[in-house]
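Close look at the chain arrangement
Take a look at the letters that make up each chain.
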Amino acid sequence: MDRAPGTSVRLRLALSYAGFLMLAGVLLIGAVWVFTLRHLPEYTGVAGGVLVRSTLLNDFASAVAGVLVFLLIFGLVGGWVLAGRMLAPLTRITDATRLATTGSLAHRIRLPGPHDEFRELADAFDGMLERLEAHVAEQRRFAANASHELRTPLAVSKALLDVARTDPGRDTGELVERLHAVNTRAIELTEALLVLSRADERSFTREHVDLSLLAEEAAETLLPLAEKRGVTVETSGDITPTIGSPPLLLQLTTNLVQNAIVHNLPGQGTVWVSTSVRPRSVVLAVENTGQVLTPQRVATLTEPFQRGTERIHTDHAGVGLGLAIVKTITHAHDGTLTLSPRAAGGIRITVELPRSGHAGAQ
């Protein structure tokens, strides 16, 4: 926005300092006049002569004028210097802001000195830059990974079509099946990206939801997959009322249960789905058996397109966005997502959401 140039804050502060100093000087001189000069007699004898009171007043007025001029100059110069020293931290913050507007988010103010208002502002700005830099870096990684993931099915489709064009006598049944599988993967990836975008923007209607019902629905829906892989799914828990988007929370629950089934011990795995209520929150916990995971590995599982090798070549492997979607939906509902490896193998994932006061939420 274009604005007319105005007086700088430093100059206004300098004028304010000088004005207050002049006011203090005038008040002091007035006090001298009130309590001293007005009590002098009209005429005072000095060494045989007569000193007229008006002469003393003229001398006093001349001295007052000199003092006020000195106070004005001293106030302006001193105020200018003091204002510059006081506003120096603000200049550093402004320079950092200008750098941030050019796209340089790595710069930090790191303002030294005591913890005052400027230091608090600088620390808050540094924290904002740090979060913004991490968010931008995450978005760039996500965009690069999404582009790569979307390019893969398109490249495969192009290769299959090129083969069909160069070999007209080739069996089209196999080609159609492969194209169908590739196209299905591309659609799943696109839908997952749309879910991520929708949850990230928080553009959804909030309703009363019972997480325990969503957990039972997800477990029932995925029961054929669990039976096919020889995995037992156990559900338990209390009514867990919260407020949010039923479709998104069902997507969250389904992703967690499906992830627990797919990443499990084939033929002898178990998945535990439980819900519980706390004084101010509700908790959905999904735990499974499986391979032993390190805390470092677990910490990366919510990043987009983070997939283990076993996921690439199995059915229902997904597109590497399952837990990323869970993380985004959880944060969009002001919740907390916690992942921790089990000592015996597998992982425990808990989603903690704010509790709703509507106990009978459906």
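Placed above this text is the structure.
This write-up is about the structure you can find in this document. For clarity, every value in this text was computed on a predicted model and none was experimentally measured.

Helix and strand counts for the protein come out as ten helices and nine strands. Each of the 362 residues in the protein was classed as buried or not, and the buried ones make up 33%. Summarising the internal contacts of the protein: among those between residues at least 6 apart in sequence, 72% fall at separations of at least 24. When the accessible surface of the protein is summed, it comes to about 21800 Å², and 60% of that surface belongs to carbon and sulfur atoms.

Taking strand neighbours across the sheet as the criterion, the five strands line up as β4-β6-β7-β9-β8 in an open arrangement whose pairing is mixed. Looking at which strands have only one partner, the edges of the open sheet turn out to be β4 (231-237) and β8 (336-341). Mean inter-strand twist for the sheet, computed between neighbouring axes without regard to direction, equals 10 degrees. Both β8 and strand β9 (residues 347-354) contribute to a ladder of six bridges, which runs antiparallel. Bridge assignment links proline 341 to a residue of β9, and that residue is isoleucine 347. Along the sheet, helix α7 (residues 246-262) makes contact with β4, β6 (269-277), β7 (281-288) and β9, crossing β7 at roughly 25 degrees. The strands that helix α10 (residues 322-332) touches are β8 and β9; relative to β8, the one it contacts most, it runs at about 140 degrees.

Let's shift gears to the packing of α7 against α10. Relative to each other, α7 and α10 sit at 145 degrees, their axes nearing to 9 Å. Seen from above, α7 lies across α10 with left-handed handedness. Taken together, the residues of α10 that come into contact with α7 (itself represented by Leu248, Leu249, Gln251, Leu252, Asn255, Leu256 and Asn259) are Gly322, Leu323, Ile325, Val326, Ile329 and Thr330. Grouping the amino acids of the contact of α7 with α10 by side-chain chemistry returns eight nonpolar, five polar and no charged.

What follows covers the pairing of β6. With seven bridges connecting them, β4 and β6 associate as parallel partners. When the sheet's bridge partners are listed, valine 233 is paired in β6 with valine 271. Both β6 and β7 contribute to a ladder of seven bridges, which runs antiparallel. The partner of threonine 275 across the bridge, within β7, is leucine 284.

What follows deals with the environment of arginine 348. Residue position: arginine 348 is located in strand β9. When neighbours within four sequence positions are excluded, arginine 348 is seen to be in contact with Ala285, Val286, Glu287, Thr338, Leu339, Ser340 and Arg342. Here glutamate 287 takes part through its side chain, which lies 3.1 Å from a polar atom of the side chain of arginine 348.

A rise of 1.5 Å per residue sets the reference length of α7, with its 17 residues, at 24 Å; its end C-alpha atoms lie 24 Å apart and thus fit the reference within 8%. With twelve of 17 residues buried, α7 is to be regarded as a mostly interior element. Among all positions in α7, only Leu248, Leu249, Leu252, Thr253, Thr254, Asn255, Leu256, Val257, Asn259, Ala260, Ile261 and Val262 are buried.

Attention now goes to helix α1 (residues 9-35). In an α-helix there are 3.6 residues to a turn, and that puts residues three or four apart on one side. Here α1 spans 39 Å end to end across 27 residues, near enough to the 39 Å set by a 1.5 Å rise per residue. Every buried residue belonging to α1 is among Ala14, Ala18, Gly25 and Ile29, and all of these are buried.

All told, the structure shown has seven salt bridges when counted by the stated rule. Among the ionic pairs, arginine 278 bridges to glutamate 352, the shortest N-O distance being 3.3 Å. Here arginine 278 is found in the loop between β6 and β7, whereas its partner glutamate 352 is found in strand β9, with 74 residues between them in sequence. Since its relative accessible area comes to 41%, arginine 278 is described here as partly exposed. On the basis of relative accessible area, glutamate 352 is assigned to the partly exposed category, the value being 27%. Beyond isolated ion pairs, a larger network of salt bridges with shared partners links Glu287, Arg342 and Arg348.

Cut-offs and rules
Residues numbered from 1 in each chain as written. Predicted model: local features only at pLDDT ≥ 70, side-chain atom pairs only at ≥ 80, totals over all residues. Heavy atoms only, no water. Helix = DSSP H or I, 4+ residues; strand = E, 2+ residues; numbered from the N terminus. Buried < 20%, exposed > 50% of the residue type's maximum accessible area, 1.4 Å probe, protein only. Contact = heavy atoms within 4.5 Å. Areas by Shrake-Rupley, 256 points an atom, 1.4 Å probe, with all protein chains shown as cover. Pairing = 2+ DSSP bridges. Axes fitted to C-alpha atoms, helices over the stretch in contact; angles between N-to-C directions. Left-handed = near helix turned anticlockwise from the far one by under 90°. Nonpolar A, V, L, I, M, F, W, Y, C, P; charged D, E, K, R; others polar. Polar contact = N/O pair within 3.5 Å; in protein donor to acceptor, adjacent residues only side chain to side chain. Expected span 1.5 Å × (residues − 1). Salt bridge = Lys/Arg side-chain N within 4 Å of Asp/Glu carboxyl O.

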